[in-house]
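Close look at the chain arrangement
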Amino acid sequence: MMKVLVALIPLLAICSGQLSNLTNSQELDPAGNFRLSWEVIPDTGDIVLEIQAKTAGWVSLEIVTDDGKYADVIFGGYNDELNTGYIEDWSLEWTPGAHLLPIPDANNDIVLQSASYSDPNTILRVKRALNTGDYYDVPIHSGVMPMGWSYSASDAYDSVHAAAGFVYITFY
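Quick caveat: nothing in here was measured; it's all calculated off a predicted structure. (Residues numbered from 1 in each chain as written. Predicted model: local features only at pLDDT ≥ 70, side-chain atom pairs only at ≥ 80, totals over all residues. Heavy atoms only, no water.)

Our focus in this paragraph is the side chain of Glu 50. Position of Glu 50 among the secondary structure elements: in strand 3 (residues 46–54). Residue Glu 50 is classed as buried on the basis of its relative accessible area, which comes to 16%. Once residues within four sequence positions are removed from consideration, Glu 50 is found in contact with Leu 22, Arg 35, Leu 36, Ser 37, Ile 123, Leu 124 and Arg 125. (Helix = DSSP H or I, 4+ residues; strand = E, 2+ residues; numbered from the N terminus. Buried < 20%, exposed > 50% of the residue type's maximum accessible area, 1.4 Å probe, protein only. Contact = heavy atoms within 4.5 Å.)

The structure is reproduced here in structure tokens:
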């Protein structure tokens, strides 16, 4: 009986999307302060994304369309004053010469799996569908995709980022 229970634990973790180790990883910040890890969950159409940033504040990841005009924004972190993680699903449209402000997505297609802070790292793990079907979300596809990233020293939504950048990631 015990062998059956031990054998079921990894299966249950995969089915719930709670993967312990993500096999893909890329440092997004040349200074080594922002790492993205991910894993596509087989046969589900879902992906788990984990952000690890050297900050006590918020983190964000922008999944950008191939033409660079639109982004699906994952914004979140861990508030140690409230001892809880937080996540927001936003979208952003790049307009030449305009100040960029994300808008909330009415359909939150992101599931917060875990959030923590252990000096100096904030770690945020989320799950979402590769293609949510939501107009305001950018489908994640195999191959090279543009991504934006940023983080702040504060959990305040209106705080300025401490660092930000733009990279290309190859998924799958």
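Still to come is the rest of the account.
Turning to the confidence of the model for the protein, a few remarks are in order. Of all residues in the protein, 87% attain a pLDDT of 70 or more, and the chain-wide mean is 88. The low-confidence segment residues 1–17 (pLDDT under 50) makes ten contacts with residues lying over four places distant or belonging to another chain. (pLDDT = per-residue confidence, 0-100.)

A contiguous nonpolar patch, built from Ile 103, Tyr 135 and Tyr 136 and spanning about 360 Å² of accessible area, is present on the exposed surface. As for its position among the elements, Tyr 136 is in the loop between strand 9 (121–129) and strand 10 (143–151). (Patch = residues over 30% accessible without salt bridge, like charges linked within 9 Å, V, L, I, M, F, W, Y side chains within 5 Å. Areas by Shrake-Rupley, 256 points an atom, 1.4 Å probe, with all protein chains shown as cover. Salt bridge = Lys/Arg side-chain N within 4 Å of Asp/Glu carboxyl O.)

Here we come to the sheet that holds strand 9. In sheet architecture, strand pairing relies on hydrogen bonds along the backbone and comes in two forms, parallel and antiparallel. Strand order in the open sheet formed by five strands is 1-2-3-9-8, with antiparallel pairing between adjacent strands. Among the strands making up the open sheet, the edge pair consists of strand 1 (24–27) and strand 8 (111–118). Within this sheet the neighbouring strands show an average axis-to-axis angle of 15 degrees, counted without direction. In terms of strand pairing, strand 2 (residues 34–41) meets strand 3 through eight bridges, oriented antiparallel. By the bridge assignment for strand 3, Glu 39 is matched with Val 48. (Pairing = 2+ DSSP bridges. Axes fitted to C-alpha atoms, helices over the stretch in contact; angles between N-to-C directions.)

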